[in-house]
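Structural description and commentary
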Amino acid sequence: MFISSAFAQTATAAAPSLGGLPPEVGVVVPYLLIFLVIYMLLIRPRQKQQKQHRAMIEQLRRGDKVITAGGIFGVVTKVNDEKELTIEIADNVRIRVLRGSVEQVLNKSEPISDAKPVENTDKTKDK
């Protein structure tokens, strides 16, 4: 009884195409648009942020005030190698950290080799 009525139905009309394109393209287009939106809003800004962080870490040098990922404030006292820094967090308290754990540079210092000696500008000299 049910089977005969199921076979008796007429064929459905073909789905309209997108400007002469095959109907399979119409299925793919929304997925491409969703991927494009996700790329523009999520992936691209994150890649830009990672690139800036990598450049900041490569430019670290002695005397820079930094904050680590653990929230420790300190001053870079030594750049051990390309992966490690020594940071002074208090008087005579130094810790070794990975460069990647530096989250933010608070202020940049002048390179030590370029630093000029400070001249005594005090005009009253002891005689």
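Look up a bit, the structure's there.
Residues numbered from 1 in each chain as written. Predicted model: local features only at pLDDT ≥ 70, side-chain atom pairs only at ≥ 80, totals over all residues. Heavy atoms only, no water.

**A look at the overall build of the protein chain**
Counting secondary structure elements, the protein chain contains 2 helices and 5 strands. Secondary structure elements of the protein chain occur, N-terminal to C-terminal, as α-α-β-β-β-β-β. A total accessible area of about 11000 Å² is found for the protein chain, and carbon and sulfur atoms account for 59% of it. (Helix = DSSP H or I, 4+ residues; strand = E, 2+ residues; numbered from the N terminus. Areas by Shrake-Rupley, 256 points an atom, 1.4 Å probe, with all protein chains shown as cover.)

**Focus: the pattern of salt bridges**
As enumerated under the stated definition, the model contains 2 salt bridges in all. We note a salt bridge from E84 to R96, for which the minimum N-O separation is 2.9 Å. Residue E84 is found in strand β3 (residues 84-90), and its partner R96 is found in strand β4 (residues 93-98); the two are separated by 12 residues along the sequence. According to the relative accessible area criterion, R96 is exposed, its value standing at 63%. One salt bridge in this structure joins R94 and E88, with 3.8 Å as the shortest N-O distance. A relative accessible area of 22% means that E88 is categorised as partly exposed. (Salt bridge = Lys/Arg side-chain N within 4 Å of Asp/Glu carboxyl O. Buried < 20%, exposed > 50% of the residue type's maximum accessible area, 1.4 Å probe, protein only.)

**A short note on the sheet that holds strand β5 (residues 102-107)**
If you walk across this open sheet you meet the 5 strands as β4-β3-β2-β1-β5, and the pairing is antiparallel. With partners counted over all chains shown, the strands left at the sheet margins are β4 and β5, one partner each. For this sheet, the mean inter-axis angle between neighbouring strands, taken without regard to orientation, is 45°. Relative to β3, strand β2 (residues 73-79) runs antiparallel, the two sharing 4 bridges. Note on β3: the bridge partner recorded for V79 is L85. (Pairing = 2+ DSSP bridges. Axes fitted to C-alpha atoms, helices over the stretch in contact; angles between N-to-C directions.)

**Here's the deal with the environment of T86**
Relative to the helices and strands, T86 is located in strand β3. The contacts of T86, once residues within four sequence positions are left out, are V75, V76, T77, K78, N80, R94, I95 and R96. (Contact = heavy atoms within 4.5 Å.)

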